[in-house]
Amino acid sequence: MVKSTQRAGRLRDYLLREISELVRSKIRDPRIGDITITDVDVSPDGSFARVFFTRLGQDHDKTQIEETLNKAQGFIRSQIAKHLHMRVTPNIAFKYDDTLEQGDRISRLLAEARLKS
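Student: Quick one: what's the story with the nonpolar core, residue by residue and with numbers?
Tutor: Among the nonpolar cores identified, the biggest contains 25 residues, and Leu 15, Ile 19, Ile 76, Ile 80 and Phe 94 are the most heavily contacted of them. Secondary-structure elements contributing two or more residues to this core are helix H1 (2-25), strand E1 (36-42), strand E2 (48-54), helix H2 (62-71), helix H3 (73-83) and strand E3 (91-96). Looking at this core element by element, the count peaks at seven residues for H1. In this view, Ile 80 contacts Tyr 14, Leu 15, Ile 19, Leu 22, Thr 89 and Ile 92; residues no more than four positions away in its chain are not counted.

Student: Tell me about the sheet that holds E3, and please be specific about residues and values.
Tutor: The sheet built from three strands is open, its strands ordered E1-E2-E3 with mixed pairing. Looking at the sheet topology across the chains shown, the edges are occupied by E1 and E3. Neighbour-to-neighbour, the strand axes of this sheet turn through a mean angle of 25°, independent of strand direction. The pairing of E1 with E2 spans six bridges and is antiparallel. In the sheet register, Ile 37 faces E2, and the bridge partner there is Phe 53. Together, E2 and E3 form the strand contacts of H2, whose direction differs from that of E3 by roughly 170°.

Cut-offs applied
- Residues numbered from 1 in each chain as written.
- Predicted model: local features only at pLDDT ≥ 70, side-chain atom pairs only at ≥ 80, totals over all residues.
- Heavy atoms only, no water.
- Core = buried A, V, L, I, M, F, W, Y, C linked by side-chain atoms within 4.5 Å.
- Buried < 20%, exposed > 50% of the residue type's maximum accessible area, 1.4 Å probe, protein only.
- Helix = DSSP H or I, 4+ residues; strand = E, 2+ residues; numbered from the N terminus.
- Contact = heavy atoms within 4.5 Å.
- Pairing = 2+ DSSP bridges.
- Axes fitted to C-alpha atoms, helices over the stretch in contact; angles between N-to-C directions.

Scope: geometric values only; no functional claims are made or implied.
In structure tokens, the structure reads:
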């Protein structure tokens, strides 16, 4: 169990680095813009990876960016497979990470509550 957890952790770190670099340098779709890969959640067996991303600013359509990245996942997966020495390259799914927005919303609500009291 410890080995699979360590392996998943190393795979997570590798995917975070590689996918960030691929999105930054190889995917030239203007709909994506300047996104940040925030986290990668890898299944214990390494067969699936959920990649979380965010984009600062209010002028973007999260759904469109997510769909565009998921359409490019085949390309990303093939690029990763070239350098990843595993029998199976994980399937990748992109998901918008709204934790920054939620944190900002909670901070604003707390600030409003302090002003009212």
